[in-house]
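# Overview (structure and organization)
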Amino acid sequence: MAGPTEDYQDILVSNDIKHQEEDTTGKNKSLEKLAGVGGEESQSAAAERDMAPPAGSSIHRSGSRPQLDLSKAEIQGNFEERDPTILLPNQSDDISHLALDIGGSLIKLVYFSRHEDQWNDDKRKKTVKQRLGISNGNRRSYPVLGGRLHFVKFETHKINECLDFIYSKQLHHGGMDSLNWGSGSPSRDNAVIKATGGGAYKFTDLFRERLGVSLDKEDEMDCLVAGANFLLKAIRHEAFTHMEGQKEFVQIDPNDLFPYLLVNIGSGVSMIKVDGDGKFERVSGTNVGGGTYWGLGRLLTKCKSFDELLELSQRGDNRTIDMLVGDIYGGMDYSKIGLSASTIASSFGKTISENKELKDYRPEDISLSLLRMISYNIGQISYLNALRFGLKRIFFGGFFIRGHAYTMDTISFAVQFWSKGEAQAMFLRHEGFLGALGAFMSYEKHGLDDLMVHQLVERFPMGAPYSGGKIHGPPLADLNAKISWMEKFVRKGNEITAPVPMAKPGTTGLGGFEVPSSKGGILRSDASALNVGVLHLVPNLEVFPLLADPKMYEPNTVDLSDHGELEYWFTVLLEHLPDLVDKAVASEGGTDDAKRRGDAFARAFSAHLARLMEEPAAYGKLGLANLLELREECLREFQFVDAYRSIKQRENEASLAVLPDLLMELDNMSEETRLLTLIEGVLAANIFDWGSRACVDLYHKGTIIEIYRMSRNKMQRPWRVDDFDAFKERMLGSGGKKPRPHKRALLFVDNSGADIVLGMLPLARELLRRGTEVVLVANSLPALNDITAMELPDIVAEAAKHCNILRGAAEAGGLIVDAMTNSLDGSKESSPSVPLMVVENGCGSPCIDLRQVSSELAAAAKDADLIILEGMGRALHTNFNARFKGDALKLAMVKNQRLAEKLIKGKIYDCVCRYEPASTS
Ligand SMILES: Nc1ncnc2c1ncn2[C@@H]1O[C@H](COP(=O)(O)OP(=O)(O)O)[C@@H](O)[C@H]1O
Ligand SMILES: CC(C)(COP(=O)(O)O)[C@@H](O)C(=O)NCCC(=O)O
Ligand SMILES: [Mn+2]
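Since the model is a prediction, treat every value here as computed from it, not as a measurement. In every chain, residue numbers begin from 1 and rise along the written sequence. All chains are assigned letters beginning at A, and all ligands numbers beginning at 1, according to the order in which they are written. Only residues with pLDDT of 70 or above have their local features reported here, since the model is predicted, and side-chain atom pairs are shown and tallied only from 80 upward, although totals for entire chains, interfaces and linings are computed over all residues.

## A look at the overall build of the protein chain
How we decide: Strands here mean DSSP runs of E at least two residues long; helices mean DSSP runs of H or I at least four residues long; both are numbered from the N terminus. For the exposure call, what matters is how many other C-beta atoms sit within 10 Å of a residue's own: 20 or more marks it buried, 12 or fewer exposed, and in between partly exposed, using C-beta atoms placed from the backbone. A pair of residues counts as a contact when their C-beta atoms, built from backbone coordinates, are separated by no more than 7 Å.
Helix and strand counts for the protein chain come out as 30 helices and 27 strands. Burial statistics for the protein chain: of 921 residues in total, 54% are counted as buried. In the protein chain, of all internal contacts separated by at least 6 residues, the share reaching a separation of at least 24 is 76%.

Below, the structure is given as structure tokens:
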């Protein structure tokens, strides 16, 4: 078992892995066997769910490597020991806080690993903060800390595994109280851990003896309600309906949540009418619940595990066990009272009339009959209680549901049938964790109570697609252990569950219900079936203030719930993988270590894809933007900081070299020609996209400048979507009337090289020249060859060497500090320029979800009246249909044939110039 020593060592090891200088190209040989790797022997769900990289200190939504504070480090205990415990009193990262729900069947753990919400000291950030008037002050008297919430469960009869897990991760030192929260060091003595469920009483002594902690008991119902309210308010796609095999996420308006009926199906069942936060009444319950299914099922089928029992049901046919209406009515419906022949008249009713023993029945059929009996019964009682209180919405939680399609379908069917469609059954993704979350919320000053949807980002670390198993060894806290874990899976050669086609759903309409419709064969093992990721808390994310209707906003243009669409993009991403791994490995020096990481990344990402092919909603609502972001996250998980670093640098240099000529050319044009040339330039330069297969093939055919010229020469109006004339009129006016210039423009920039240098910067310059302030909005973290906010100031400074307008504006925006001793025209400009600024967008993806942007972007948006979105990721895959409060220009070259056909009925390399004046709605 792992002790505290390993815990600290793990941190040290992961911090030890340094970036390597890049000079060699490591070819990756083992990519053939990528898709679909998995394994039976694995770390537990618990360990897997903990394999996300520690979140960074910056504002972005992703992880970066941990920063260790080694000051006042001290060896504890015996110096002679091989692995002495090292105490880091000032280390505030990754301190965990734990809450428990110890139920009759399962123990649920929610723990929080914390990360200080530091503001980076980088110069750009400081000036941006000053210019945009962003303060560090918090609304509350104690800080909301960045960090991550983890969800883990154990079977109650294996409580020792749970205790080992808590010990190995030292979670028992993290129980917090109002004193140590935020102090940076958890109290090591007399820790008190919040716990709910009967086991909080039953196992008090065991926790004291084994871990030296006291359990602070919280009321179970209080916790269930607090957990459900938190989830329904704070997680965007927490609730979903499940009917006839179809899962649909429901967007709950937090202001219109109450009242509802909460039905928690654990070992037993509680039905709670919820009227508000802390306002509820347990109105009913039933003793026929999850424990009944598992207990009776075990006796009747000899199954060894709950999952085995549930899996059996998927191959069952209940007609051999249940007495159906048709059995009584000679095969006919009893339509007068709305019952079809296949409706169950009496669960297990057939077993009385036949001269058979238990052994004569198939365990599969028994399991299915039992599952139907219990699920249907719970659905029916729930409906009756909803009816009693006039409640329309019923949320079902508890681990009996276990994300199992047929269970949910049966419950939904019962609710719908008896309510004649009036009431709706909804399920929760964190189904079994309501109580544990509620216990966590009961800590004073946890800082989570008024967290909002936009401050939470759910991530699925590499272990998410894999099967679970026993816990052995210490948790996988360092990268090396992670990689070995991936390698072990491949050696074992166990295939991840192959995609299972959905069978046609079927009910008979009149209250009958055919055999299981939604999934055949194998049930996913417990770990991956949890379908919950790690919740990252990022306090300084905000909703983009210029969205015309944030409630209606949907970032994704391409909906991957369409299977054909999912299959297409899955293939595109998989085909791109070998090239991406090559780039990533080269970017880290092509070392053996980088190659191992590259392999592990490829396996992890392919496994995610295979998992999502099998169950597109496994990680919540899925759009193309999520897949593209998952790829970047996965790279970061294996510590590939910037796979396209050298390509970006090369392209930036080549483009900066021709910028002066371009600027001169532009300056010799009339206003009108110049504006058109500038837009053409943006569209043409958007061809430099290392995420597009077609474009990467192109790059082999010429130099950057040759391709840029070719692309520009091919620009021919009308473009496939061409609102240029409307944009020009807004900019230049018509009939001799000069319009008022925009006050501030936000330019969401895309790729490095020509795209930013020869496309967007000259456009920015034109706006500046016309008196419009310009804010360049760039990624917080690298994604493909996209330019980042960190990289932009240097590029601007370089460009400013050749241009007074850029220089003056960059100085005014604090991007460069008096960079030029001699200005180009020999004299300092007398009037102060309008400023050019750079803000980070809060993302590390080629797409942007405007519901979760950095607070500096949100601040910059306040005075903006023009939004320019550039590139396929930001303007097409996402935000193509977004409406804004300011004027919006969406510019992109479509570098994918299928997207061109589907979105604009065009072909590859067609261009989009969509202009939409401010939405007044
Ligand atoms: N791996 C599992 N082992 C045992 N029961 C499970 C498992 N997965 C799901 N279940 C079901 O979940 C029920 C327990 O749900 P839960 O919400 O944890 O309630 P409790 O708090 O009573 O333990 C069990 O009775 C069983 O029906
Ligand atoms: C990842 C991208 C959105 C980046 O495009 P960009 O935003 O740089 O214009 C795009 O390259 C893409 O959709 N690529 C996959 C499709 C393909 O290879 O055709
Ligand atoms: Mn891009």
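So much for the structure itself; the text now carries on.
## Side note on the sheet that holds strand β22 (residues 773-778)
Filter applied, for reference: We call two strands paired when DSSP finds no fewer than two bridges between them.
Spatially, β20-β27-β26-β25-β21-β22-β23 is the arrangement adopted by the seven strands of the open sheet, whose pairing is mixed. Among the strands making up the open sheet, the edge pair consists of β20 (721-722) and β23 (836-840). Pairing of strand β21 (residues 744-748) with strand β25 (residues 866-870) involves four bridges; the strand directions are parallel. Paired with Leu747 across the bridge in β25 is Ile868.

## A few points about the site of ligand 1
So the rule is basically this: We count a residue as near a molecule or strand when its backbone-placed C-beta atom lies within 6 Å of that partner. Each residue gets one label: Ala, Val, Leu, Ile, Met, Phe, Trp, Tyr, Cys and Pro are nonpolar, Asp, Glu, Lys and Arg are charged, and the others, such as Gly, are polar.
Ligand 1 sits among 19 residues. The nearest are Gly103, Gly266, Ser267, Gly290 and Phe399. At four residues, helix α8 (residues 290-301) tops the list of elements feeding residues into the shell around ligand 1. The class makeup of the residues in the shell around ligand 1 is six nonpolar, ten polar and three charged.

## Looking at the pairing of strand β18 (residues 534-537)
Burial of the side chains of β18 extends over both faces: Val534 and His536 are buried on one face and Leu535 and Leu537 on the other. In terms of strand pairing, strand β17 (residues 456-459) meets β18 through four bridges, oriented antiparallel. Pairing of Arg459 across the sheet is with Val534, part of β18.

## Describing the site of ligand 2
If you check the shell around ligand 2, you find 20 residues, and the closest are Gly691, Gly871, Met872, Gly873 and Asn896. Of all the secondary structure elements, the ones that give two or more residues to the shell around ligand 2 are α22 (693-699) and α29 (872-877). The greatest single-element share of the shell around ligand 2, amounting to four residues, is contributed by α29. Split by residue class, the shell around ligand 2 holds seven nonpolar, eight polar and five charged.

## Some remarks on the sheet that holds strand β11 (residues 269-276)
Our working definition: For helices, the fitted axis covers only the stretch in contact; all axes are lines through C-alpha atoms, and the angles between them, taken along N-to-C directions, range from 0 to 180 degrees.
Reading across from one edge, β9-β8-β16-β15-β10-β11-β12 is the order of the seven strands in this open sheet, with mixed pairing throughout. Edge positions in the open sheet fall to β9 (246-250) and β12 (279-286), since each of these has one partner strand only. Across the sheet, the mean angle from the axis of one strand to that of its neighbour is 30°, orientation sign disregarded. In terms of strand pairing, strand β10 (residues 260-265) meets strand β15 (residues 393-397) through four bridges, oriented parallel. Note that in β15 the partner of Val263 across the bridge is Phe396.

## Some details on unusual backbone geometry
Each neighbour pair has its own omega, and for Phe258 with Pro259 the value is -5°, a cis peptide bond. Structurally, Pro259 can be placed in the loop between β9 and β10. Residue Pro718 is reached from Arg717 by a cis peptide bond, and omega for that bond is -5°. Note that Pro718 resides in the loop between α23 (704-714) and β20.

## Thoughts on the environment of Met613
Position of Met613 relative to the elements: it lies in helix α18 (residues 592-614). The class of Met613 is buried, set by 20 C-beta atoms lying within 10 Å. For the pair Met613 and Arg709, spaced 96 residues apart in the sequence, the C-alpha separation amounts to 40 Å.

## Describing the packing of helix α4 (residues 159-168) against helix α6 (residues 204-211)
What counts, and what does not: Angles below 35 degrees are treated as roughly parallel, those above 145 as roughly antiparallel, those between 65 and 115 as roughly perpendicular, and all remaining angles as oblique. Crossing handedness: left-handed means the near helix sits turned counterclockwise from the far one by under a right angle, and right-handed means the same turn made clockwise.
For the pair α4 and α6, the least separation of the axes is 11 Å and the interaxial angle reads 40°. One finds that α4 runs oblique with respect to α6. α4 and α6 meet at a crossing whose hand is right-handed. Residue-level inspection shows Ile159, Leu163, Ile166 and Tyr167 of α4 in contact with α6, the latter providing Leu206, Arg210 and Leu211. Tallied by class, residues from the contact of α4 with α6 come to six nonpolar, no polar and one charged.

## Re the pairing of β15
Where burial is concerned, most of β15 is hidden: five out of the five residues are buried. With burial as the criterion, each face of β15 is covered, one bearing Arg393, Phe395 and Gly397 and the other bearing Ile394 and Phe396. Direction of pairing for β15 relative to strand β16 (residues 424-428): parallel, over a ladder of four bridges. Within β16, the residue paired with Phe396 across the bridge is Phe427.

## Quick look at the nonpolar core
Here is the rule we go by: One nonpolar core equals one set of buried Ala, Val, Leu, Ile, Met, Phe, Trp, Tyr and Cys residues connected by C-beta atoms within 7 Å.
Core analysis: the largest hydrophobic core is formed by 243 residues, its most contacted members being Ile394, Phe601 and Leu747. No other element matches α18, which puts eleven residues into this core. When neighbours within four sequence positions are excluded, Ile394 is seen to be in contact with Tyr260, Leu261, Val263, Ser382, Ala386, Val415, Ala423, Gln424, Ala425 and Met426. In this structure, Leu324, Leu339, Ala341 and Ile344 belong to the second largest nonpolar core, which totals five residues.

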